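Overview (structure and organization)
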Amino acid sequence: CPWTDHCAARRAGIETKLPAKSPKKARTVRYGVHFWLTDGNGRVLLRRRPESGLLGGMAELPGTPWRETPWTDEEAMVFAPAQTAWRPAERVQHGFTHFELFVDIHCGVAVSNGADAMWWEIAELDTAALPSVMRKCVRSAQRAAETGAR
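Residues numbered from 1 in each chain as written. Predicted model: local features only at pLDDT ≥ 70, side-chain atom pairs only at ≥ 80, totals over all residues. Heavy atoms only, no water.

**Digging into the overall build of the protein chain**
Each helix and strand counted, the protein chain has 3 helices and 6 strands in total. Ordered by position from the N terminus, the helices and strands of the protein chain form the series α-β-β-β-α-β-β-β-α. Over its C-alpha trace the protein chain gives a radius of gyration of 22 Å, far above what one expects of a compact globule, namely 15 Å for 150 residues. The burial tally for the protein chain puts 37% of its 150 residues in the buried class. A separation of at least 24 residues holds for 67% of the contacts in the protein chain among residues at least 6 apart in sequence. Here the protein chain displays about 9,600 Å² of accessible surface, and carbon together with sulfur accounts for 53% of that area. (Helix = DSSP H or I, 4+ residues; strand = E, 2+ residues; numbered from the N terminus. Rg over C-alpha atoms; globule rule 2.2 N^0.38 Å. Buried < 20%, exposed > 50% of the residue type's maximum accessible area, 1.4 Å probe, protein only. Contact = heavy atoms within 4.5 Å. Areas by Shrake-Rupley, 256 points an atom, 1.4 Å probe, with all protein chains shown as cover.)

See below:
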């Protein structure tokens with residue numbers, strides 16, 4: 001290198017450590033609760049997210065808004081799509097560009113009961129427009145169903 005004799009980093013013995021990456025900023029944390037509601041006929045309830053905003057227009061499991069403080073079970077159940085015996089599944093963690101999301105999953109079975117509801121064949125979920133965070137939630141719920149909850 002033609003700058004070897006003039007290189008301050010070389011004189012200091014730190015040339016192999018440069019350029020140094022800046023430390024990453026800590027991301028904020030958000031929490032949500034989503035519900036895996038099946039109808040006993042091999043279908044799961046989905047809903048469509050609003051067209052604008054994060055993950056706009058994509059499908060998701062019904063649930064709470066995402067917020068900066070964890071949800072209590074009592075608070076979250078207000079957003080449950082049906083009254084049934086809800087079983088907790090494992091917590092899902094997903095990183096977005098500007099925040100880290102922790103989602104608690106609850107699983108239940110109910111009768112298909114809403115003409116406007118979007119019941120989706122579980123066997124065909126890979127064709128649904130689900131964002132990666134919801135695919136993680138689906139896997140968590142399916143593991144819980146296989147093992148009988150946590």
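Next comes the rest of the description.
**Looking at the packing of aromatic side chains**
Aromatic ring pairs are reported here in terms of the distance separating the ring centres and the angle at which the planes meet. In the structure shown here, the tally under the stated rule is 6 aromatic pairs. Of the aromatic side chains, those joined through ring pairs into one cluster are W66, F96 and F99. Sitting over the face of the ring of F99, R30 holds its NZ or CZ atom 4.1 Å from the ring centroid. The aromatic ring of W66 is capped on one face by R49, whose charged end is 5.0 Å from the ring centroid. (Phe/Tyr/Trp six-rings, centres within 6.5 Å; stacked < 30°, edge-to-face > 60°. Lys NZ or Arg CZ within 6 Å of the ring centre and 35° of its normal.)

**Points about the side chain of H106**
Structurally, the position occupied by H106 is in strand β5 (residues 99–109). When sequence neighbours within four positions are dropped, the list of residues in contact with H106 reads V33, H34, F35, W36, D73, M77, W86, R87 and P88.

**Re the nonpolar core**
Counting 24 residues, the largest nonpolar core has W36, L46, W66, I105, L125 and L130 as its most contacted members. Considering each element in turn, this core owes the most residues, 6 residues, to helix α3 (residues 132–147). (Core = buried A, V, L, I, M, F, W, Y, C linked by side-chain atoms within 4.5 Å.)

**Side note on unusual backbone geometry**
Phi is mostly negative for residues that are not glycine, and the peptide bonds are mostly trans. Cis geometry is found at the peptide bond from L18 to P19, where omega equals -5°. For P19, the location among the structural elements is in the loop between α1 (8–12) and β1 (28–38).

**Topic: the pairing of strand β4 (residues 87–95)**
Pairing of β4 with β5 involves 7 bridges; the strand directions are antiparallel. The residue bridging R87 from the neighbouring strand is C107, located in β5. From the end of β4 to the start of β5, which pair antiparallel, there are 3 residues. (Pairing = 2+ DSSP bridges.)

**Here we look at the pairing of β1**
Here β1 lies mainly inside the structure; 8 of its 11 residues are buried. Here β1 pairs with β5 via 11 bridges, running parallel. The residue bridging T38 from the neighbouring strand is V109, located in β5.

**Focus: the state of the cysteines**
Counted under the stated rule, the structure contains 0 disulfides. Sulfur of C107: no disulfide; nearest cysteine sulfur belongs to C137 and is 10 Å away. (Disulfide = S-S within 2.5 Å.)

**Describing α3**
The end-to-end C-alpha distance of α3, which contains 16 residues, comes to 23 Å, matching closely the 22 Å that a straight helix rising 1.5 Å per residue would cover. Looking at the buried side of α3, the elements it contacts are β1, β3 (59–60), β4 and β5. (Expected span 1.5 Å × (residues − 1).)

**With respect to the pattern of salt bridges**
Going through the model one piece at a time under the given rule, you end up with 7 salt bridges. With a shortest N-O distance of 2.6 Å, E75 and R67 are connected by a salt bridge. Overall, E75 belongs to the partly exposed group, its relative accessible area being 33%. A network of salt bridges, in which partner residues are shared, links R47, R49 and E60. (Salt bridge = Lys/Arg side-chain N within 4 Å of Asp/Glu carboxyl O.)

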